[in-house]
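Coordinates in review
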Amino acid sequence: MADQDTTGQVVSSLEAHVQALYDALERAQVGLEQALAADEVDVEQRTSEELTEYLRGAFRPLAAQILSGQSSGHIAGTGALVDAGPAASRQLSMVWWVRRNEVVSEKRHNLNPASDAFYDFRVAPWFSVPQRTGRPALTGPYIDAWGLDDLTITAAVPLTVKGEVVGVVALDVAIPQFVADLSQELQRLDVDAAVVNAEQRIVASTAPELTTGLPLTSRAQAAATQSPATASYPLCGQGWALVLLAPEG
Amino acid sequence: LVTDVLSTLTRDVLFAPLDAEGRTETVVNRLRTAVTLGVLADGNQLPNEVELAAQFNVAPGTLREALAILRDEGIVETRRGRAGGSFIRVPDSLHVSHGLAILRSMSPGDLRDSSDWRATIAGSSAYFAAERASDENVQTLAALADDLGTAPDEATARRHDTRFHIELAAAAQSRRLSTAAINLQVAYAPVLPLVYEAPQVRKDVGAGLREVAELVRSGAADQARRLAWEIADETGRRLLQLRAGPRRPGTRGRTGKVAK
């Protein structure tokens, strides 16, 4: 059994990694909300093209800051997304930047609902949860089809204009670096351990077969088998937890 | 900060440079596919001819020939003057006519091979999805299957079909399966509207894929794999028959299920 002191230290280190994501996100959120207020942008009155153009200009420097800042090694992409406008003609706007091989580039998504490749972010929990509840979200690991087309974790905070949530500011976690750093923290424990999300999916683990993205127990086993977790410590407010794993066999 | 624009994988695949000898017909097919998949939407302006030719790695003359063919088909409209340029138009008949053109450009062996590959991706995706899918994946799959069953036309049915299969690969938590499924969208999806002209086929395939979603929900990996594979295989068989056209009496018509 891991000793309580070490476990406590590991929990704090893991939480610090997650908190650093939100710190970066909240700076961008504040920056964009201030710009929208200062420029008196009425998101309801602008067309999707106009709003996208505005967001592109206002968020570009914030994206550059996030993707080249201090804790940027854990962040692969960031942007702002809005679903607002008169009920009859609600329109989607999205701007997004990614870093690949140390180069930051804008990435365009397909927002045409008649297209096979339509990136319908309204149904993604990282968008719908902050928009509905005004609370931050942490989604994944999941495969972001039509977006990154790779395994990712997305963190998001609401974007509020005149007291109304109109969208989100979000970031994609750079999975390889983030997972490697979490795994290194887990190595300090003397038993196998994993970081899991709210639906018990592996974020990082020291157990060889439990790779990022897999459920802790498969769908078929979920009901029948006992969970391999022997103890669970909550991390941050998003349902993530550190779980200690029973030895195999 | 560099502001190069990256775009979706589908777009990257469609606009990838052609092999050594890019032919007019290949450029026409790529652009028509981009329009039928909605990657180029009604009213979108095409990049200028020099840029587009460079992107496809074809001679400017080849691109001009391709645009002339698309203009005759009513898919590209060229306006002169200051606000001029080439714009996309989407005629209603495009999905079926383009589907037939692509179907005829494939040999029966090619078609069989592509269908086998699609069934392989679908089956493997279903297997891993049954072990790994999130509840949210399952809900999306069930909704897409139902939408396919009640789709009002062949183009909408095709869209729900491809989105179902790509969601299935995403639910498998596999980047490689997702990428393979998206590549198939470009290589295979243009012919799918042909099988979905019949409302009964939309209904049957929708019901079948709904069952796949339920098998994924209950974690029945082997059954999910088998059913997803069979549905894709049946679509492949329908396409081979469509490609062959009406059959003479006394020849082999619909073969039905082959013994397994």
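1. Here we look at the pattern of salt bridges
- Within this structure, the stated rule accounts for 25 salt bridges over all chains.
- The residue A:R56 makes a salt bridge to A:E53 at a minimum N-O spacing of 3.1 Å. Placement of the pair is A:R56 and A:E53 together in helix α2 (residues 48-68), with a separation of three residues, close to one helical turn.
- A relative accessible area of 16% means that A:R56 is categorised as buried.
- Ionic pairing is found between B:R32 and B:E73, a salt bridge with its closest N-O pair at 2.8 Å. Linking B:R32 in helix α2 (residues 24-36) with B:E73 in the loop between α4 (60-72) and β2 (76-79), this pair joins segments that are 41 residues apart in sequence.
- B:R32 gets classed as buried once you look at its relative accessible area, which sits at 10%.
- With relative accessibility at 33%, the residue B:E73 sits in the partly exposed group.
- Salt bridges here are not isolated pairs; linked through shared partners, they connect B:R112, B:D116, B:D233, B:E234, B:R237 and B:R238.

2. Examining the side chain of B:S178
- Position of B:S178 relative to the elements: it lies in helix α9 (residues 175-187).
- Look past the residues within four positions of B:S178 in its chain and what remains in contact with it is A:I143, B:A169 and B:A170.

3. Description of the pairing of strand β5 (residues 151-161) of chain A
Residue and element names in this part refer to chain A.
- Taken across its 11 residues, β5 has 10 buried, putting it largely inside the fold.
- Pairing between strand β4 (residues 137-143) and β5: five bridges, direction antiparallel. Across the sheet, A137 pairs through a bridge with A156, a residue of β5.
- Of the pairings in the sheet, the one linking β5 to strand β6 (residues 164-173) comprises eight bridges and is antiparallel in character. Each residue of the ladder has a partner; that of A156, found in β6, is A170.

4. Considering the interface of chain A and chain B
- Counting from both sides, the interface comprises 36 residues of chain A and, opposite them, 40 residues of chain B.
- With both chains or domains summed, chain A and chain B bury close to 3100 Å², and 53% of this area falls on carbon and sulfur atoms.
- Among the residues of chain A in contact with chain B, A:D116, A:W146 and A:R219 are the three that bury the most area, contributing 27% of the side total.
- Taken together, the links from chain A to chain B amount to three salt bridges.
- The partner of A:D150 in a salt bridge is B:R175, with the nearest N and O atoms 3.6 Å apart.
- Inspection of the chain A/chain B interface yields 15 residue pairs in polar contact (both at pLDDT 80 or more).

5. A word on helix α7 (residues 135-149) of chain B
All names here are of chain B.
- If you check α7, its first and last C-alpha atoms are 21 Å apart, about what 15 residues at 1.5 Å a residue would give, namely 21 Å.
- Regarding α7, the residues found buried are N137, V138, L141, A142, L144, A145, L148 and G149. Across the axial projection of α7, the buried residues extend over an arc of 165 degrees, all falling on one side.

Reading the values: rules and limits
- Residues numbered from 1 in each chain as written.
- Chains lettered and ligands numbered in written order.
- Predicted model: local features only at pLDDT ≥ 70, side-chain atom pairs only at ≥ 80, totals over all residues.
- Heavy atoms only, no water.
- Salt bridge = Lys/Arg side-chain N within 4 Å of Asp/Glu carboxyl O.
- Helix = DSSP H or I, 4+ residues; strand = E, 2+ residues; numbered from the N terminus.
- Buried < 20%, exposed > 50% of the residue type's maximum accessible area, 1.4 Å probe, protein only.
- Contact = heavy atoms within 4.5 Å.
- Pairing = 2+ DSSP bridges.
- Buried area = accessible area lost by both parts, 1.4 Å probe.
- Polar contact = N/O pair within 3.5 Å; in protein donor to acceptor, adjacent residues only side chain to side chain.
- Expected span 1.5 Å × (residues − 1).
- Arc of directions from axis to C-beta.

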